[in-house]
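The residues making up each chain are set out below.
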Amino acid sequence: NAGVTQTPKFQVLKTGQSMTLQCAQDMNHEYMSWYRQDPGMGLRLIHYSVGAGITDQGEVPNGYNVSRSTTEDFPLRLLSAAPSQTSVYFCASTLRLGTPSSYNSPLHFGNGTRLTVT
Amino acid sequence: AQKVTQAQTEISVVEKEDVTLDCVYETRDTTYYLFWYKQPPSGELVFLIRRNSFDEQNEISGRYSWNFQKSTSSFNFTITASQVVDSAVYFCAPPLNTGFQKLVFGTGTRLLVSP
């Protein structure tokens, strides 16, 4: 099992450019989410998905789009990058509530994507 | 509204010292949970433990121990005989929902252990 895989690891964008951060998991997890980490602010939830075809907004969704066409993949799209989106982005997954193991299943995180917008 | 506070921004200790990290979780819920994660300098997030407000026993795992003080809504995390490899940022994170999927992270405590 590779766990949660994020690509790329590093990215530099110019203001106004678009890009997609990729996230894939091979643990058959139904729940996936995106967080951003900024200095002194911990991690903040951007978007999440409880299964294929279902997405919802988190705490800081503005400027980001997501879709969930398969259980394995949950890409995060920046349509028009802004310097305020300079951050480290983490994708996470876990079992969905209701499964036998879900009570003790923590969020599994990818290794992060460091994004700089100039 | 729920609020999680890690008031200690940074703690510096010398190897072999014991160190306690504090996390205060303000909520109206009578039963609640808290996750602890570690983020070493390499940047990945590592799950440490989930604790419940109704756990009466302290949880001990090797050099790590956790206890909950109900009177202050404080979940404390103690590392005994700290080591350089313990240097990391530690986050506490209560869940927003009963499924534990949506976590609210504190701002983290950076622990520096020097030899």
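Let me begin by describing the structure that accompanies this report. (Residues numbered from 1 in each chain as written. Chains lettered and ligands numbered in written order. Predicted model: local features only at pLDDT ≥ 70, side-chain atom pairs only at ≥ 80, totals over all residues. Heavy atoms only, no water.)

1. Details of the pattern of salt bridges
Between side chains of opposite charge, a pair can form when the charged atoms approach closely. Note the following rule: We define a salt bridge as a side-chain nitrogen of Lys or Arg found within 4 Å of a carboxyl oxygen belonging to Asp or Glu. Note on exposure labels: buried denotes an accessible area under 20% of the residue type's maximum, exposed denotes more than 50%, and partly exposed covers the range between, all computed with a 1.4 Å probe on protein chains only. Going along the chain from the N terminus, every DSSP run of H or I of four or more residues is numbered as a helix, and every run of E of two or more is numbered as a strand.
For the structure on display, the rule yields three salt bridges over all chains. The shortest N-O distance in the salt bridge between Asp38(A) and Arg44(A) comes to 2.8 Å. Side by side, Asp38(A) and Arg44(A) carry an identical accessibility label, which is buried. A salt bridge links Asp86(B) to Arg63(B); the shortest N-O distance between them is 2.8 Å. Residue Asp86(B) is found in the loop between strand S8 (74–79) and strand S9 (88–93), and its partner Arg63(B) is found in the loop between strand S6 (59–61) and strand S7 (64–69); the two are separated by 23 residues along the sequence. Given a relative accessible area of 25%, Arg63(B) falls into the partly exposed group. The network of salt bridges with shared partners includes Arg36(A), Asp38(A) and Arg44(A).

2. Let's talk about the sheet that holds strand S7 (residues 64–66) of chain A
The pairing of strands in a sheet comes from backbone hydrogen bonds and takes either a parallel or an antiparallel form. All names here are of chain A. The test is simple: For two strands to be treated as a pair, DSSP must find no fewer than two bridges joining them. All axes are obtained by fitting lines to C-alpha atoms, using only the stretch in contact for helices, and the reported angles, taken between N-to-C directions, cover 0 to 180 degrees.
An order of S1-S3-S8-S7 is seen for the four strands of this open sheet, with the pairing classed as antiparallel. Of all strands in the sheet, those with a lone pairing partner are strand S1 (4–7) and S7, marking the two edges. When the angles between neighbouring strand axes are averaged without regard to direction, this sheet yields 20°. Looking at chain direction, S1 and strand S3 (residues 19–25) are connected through four bridges and run antiparallel. Pairing of Thr7 across the sheet is with Gln22, part of S3.

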